[in-house]
Amino acid sequence: MLFSVKNSRGCFKRAMQVSKRNWLCLILIFLLYLSLTNISQVTYKKNGSSVSYDKSLHSNWMFKISKNYDYIYLREWTEPTKVIVSVSSGRGENGTAFVPTSDEKPIMEKRLKEQHYNVLASEKMSLRRSLPDYRFPECRSLIYPKKLPTATVIIVVHNEIWATLLRTVWSIIDRSPRELIEEIIIVDDASTWTHLKQPLDDYAKTLPANIKIMRTENREGLIRARIKGANMAKGNILIFLDAHIECTEGWLQPILSRIAWDRSVVAVPLIDGISTENMGYQKFPLEINGLHWSLIFDWMPVPEREIIRTKHDRTAPLRTPTHIGCAFAMDREFFFEIGSYDEGMDIWGSENVELAWRTWMCGGSLEILPCSRVAHLFRSSTYSFDGNAEQIKTRNNNRLIEVWMDEFKNRIYAAYPRTKSVSPGDLTQRKNLRKQLNCKSFRWYLENIYPESAWFKEFINMGSIKNVAENKCLDAYTIKISQNLMTYSCHNVGGAQFFAFSTSGQIMTFRDPCVGIGSDKKSVVVVKCSETDKSQFWDYKQEEKWIVHRESNLCMTKHENRIIIDTCNPFDNKFKWELKSGA
Ligand code: UDP
Ligand code: MN
């Protein structure tokens, strides 16, 4: 009986039909099997007792796939043996920064400029260099289930440096239990660099892993390239990684364990950095991700609410409103059931936010796993977008906004009025998907997942603030903290001239900081928003057209080159401001 149970799910069903009288026996065997395989406790265990933070936000399981894996699909695994192939005194070892010789400097500078990161450093370091282990000590005492689901790692790549890509691959091979990596799929997205053709095929054959290389016929962009990889994948779990990543010790087990516990979790490792200047490994703090106005991705400190929910346990998965997109994992079937990616998005951008919102709003969850650390090289890309980059990014963004943001989309268009004219293309499929999956509203997302978001506030105006005397607009310029505000010819494109004046009295810039007062108690400057800082609250007096600083009762005015607060003067138009909606 047990034999057929082990064989396949179909056999299991048939076995149950023929031997109804053996029900009890079967259940007992099943329970015994569960306890042996540890499947009932696919969670983090500490000092022998299991800890779970799994109180779901969603009332019931709403997917076709089951919440957990059928145990017959799980694989027993062993810790990878530590491979010491590089010379410990070698360059870049233990994640150290590269130091050039005087001969190397000129060529290093040249290539750094070309690729926006230190390519020479990458090439001079071992492909299998050692890395520091920055995990919290608590992480090392966690015990993971003996059997885990398998993973397919998908790396999409368009014109990546050889050493950087291969270091990514080696870091997966060397630091993952072999049994758990079903395959590594490299999707070459129409690269033009020849080392990514035959040389890559040849090298891949020599690697001690199941490496598959796919090539797109035309440039697809990272979004469709990832879907193509996923379509071919065989592992239970898909792990998407950029082509310039280094995985650290123990990175894989937390990811697989968490998803095995709940297949609707999209798991994100704690992202560290690789320095563009010298390829040194940079430890990043444990933070979660949010967004600015205008949907710019941002890091944010772990909010108190999350620290309380996870009972101050630094190993616990943290709910995050968004994710960065360079490294994450999700169940393969769940990926497709929840709508994979928006195939209408091109090249790069917005797909990470789209996946995050869709996951949350349609019944899944997005979490950062502090015990899994993966480093990403934060270089700005040099590749061509195969078209107008700004146009492509805006179009992707508009697809995201139009499908998911409900009435809140106008806040984005208010910050960037010009983007509204870029057509998002046909959205029927994505809108239908949202209906079919019975997804919740954007307001629900803000209330439950992202209560810190500025979008959640009410505003008396979103748009520009024009000085009546000058006929010029208030401008936050580079939006650096402490920097003075100024006035500038109104350009009506939002950005630094966009201000969201909240009903509670804060004036926010499009990148989040607020308008406040400098240390001289006179200058109007950019400050970090704070609900408790009384000096950054203002009132708009409709009749007088004054912006009154609430704490001092002084009025905002233009004085010489600066914006300051001064005694309100009804006879001077420099004290008068008009709020103009940008939507
Ligand atoms: N990529 C791709 N096709 C593209 C653009 C990017 O396959 O048209 C790959 C790229 O090589 C990288 C991943 O997608 O592995 C993410 O892109 P990138 O690193 O430029 O994004 P960033 O990390 O800068 O947001
Ligand atoms: Mn990247």
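Given the structure is predicted, the values throughout are model-derived calculations rather than measurements.

Participant: Could you give an account of the coordination of the manganese ion (ligand 2), with specific residues and numbers?
Facilitator: Within the protein, Asp 242 (OD), His 244 (NE2) and His 376 (NE2) serve as the donor atoms for the manganese ion (ligand 2), at 2.1 to 2.3 Å. Here the donor residues of the manganese ion (ligand 2) are spaced in sequence according to D-x1-H-x131-H.

Participant: So, the nonpolar core: which residues are in play, and what are the values?
Facilitator: Side chains of a nonpolar character, in soluble globular proteins, are inclined to be buried together. In terms of nonpolar packing, the biggest core is built from 90 residues, with Trp 293, Trp 357, Tyr 445, Trp 455, Trp 538 and Met 556 touching the most fellow members. Top contributing element to this core by residue count: helix α13 (residues 351–361), with 6 residues.

Participant: Can you explain the state of the cysteines? Please cite residues and give values.
Facilitator: All chains considered together, the criterion is met by 5 disulfides. Across a sulfur-sulfur distance of 2.1 Å, Cys 139 and Cys 371 are joined as a disulfide pair. Taking the torsion about the sulfur-sulfur bond, which here is approximately -75°, the covalent link between Cys 139 and Cys 371 counts as left-handed. Taken together, the residues span a long stretch of sequence, with Cys 139 in helix α6 (residues 137–140) and Cys 371 in strand β16 (residues 365–377) at a distance of 232 residues.

Participant: Lay out the confidence of the model for the protein in plain terms, naming residues and giving numbers.
Facilitator: With 90% of its residues at a pLDDT of 70 or more, the protein has an overall mean of 89. Every residue in residues 1–18 scores below 50 in pLDDT, and together they form 22 contacts with partners more than four places removed in sequence or on other chains. Throughout residues 33–51 the model reports pLDDT below 50, and contacts reaching past four residues in sequence, or to other chains, amount to 45 contacts.

Participant: Lay out the site of ligand 1 with the relevant residues and their values.
Facilitator: Surrounding ligand 1, one finds 16 residues, the nearest of these being Val 156, Asp 189, Arg 219, Trp 348 and Tyr 383. Backbone polar atom of Val 157 to an oxygen atom of ligand 1: 3.4 Å apart, as the coordinates give it. Contact with the protein chains covers 91% of the free accessible surface of ligand 1, which is 530 Å². Here ligand 1 is seated within the largest pocket. Listing elements by their share of the shell around ligand 1, those giving two or more residues are β5 (151–157) and α9 (221–232). In the shell around ligand 1, the residues fall into 7 nonpolar, 5 polar and 4 charged.

Participant: Would you mind going over the side chain of Asp 331 in detail, with residue names and values included?
Facilitator: Tracing the backbone through its elements, the reader meets Asp 331 in strand β15 (residues 327–331). With a relative accessible area of 1%, Asp 331 lands in the buried category. Side chain to side chain, Asp 331 and Arg 263 meet in a polar contact 3.1 Å long. With sequence-adjacent residues up to four places away left out, Asp 331 is seen in contact with Ile 65, Tyr 69, Asn 236, Ile 237, Ile 259 and Arg 263.

Conventions used here
- Residues numbered from 1 in each chain as written.
- Chains lettered and ligands numbered in written order.
- Predicted model: local features only at pLDDT ≥ 70, side-chain atom pairs only at ≥ 80, totals over all residues.
- Heavy atoms only, no water.
- Donors = N, O, S within 2.8 Å, 3.2 Å for Na, K, Ca; no water.
- Core = buried A, V, L, I, M, F, W, Y, C linked by side-chain atoms within 4.5 Å.
- Buried < 20%, exposed > 50% of the residue type's maximum accessible area, 1.4 Å probe, protein only.
- Helix = DSSP H or I, 4+ residues; strand = E, 2+ residues; numbered from the N terminus.
- Disulfide = S-S within 2.5 Å.
- pLDDT = per-residue confidence, 0-100.
- Contact = heavy atoms within 4.5 Å.
- Near = heavy atom within 4 Å.
- Polar contact = N/O pair within 3.5 Å; in protein donor to acceptor, adjacent residues only side chain to side chain.
- Areas by Shrake-Rupley, 256 points an atom, 1.4 Å probe, with all protein chains shown as cover.
- 1 Å grid on protein atoms, 1.4 Å probe; cavity = no way out; pocket = protein on both sides within 12 Å on 5 of 7 lines; lining within 4 Å.
- Sits in = over half its atoms within 2 Å of the grid points.
- Nonpolar A, V, L, I, M, F, W, Y, C, P; charged D, E, K, R; others polar.

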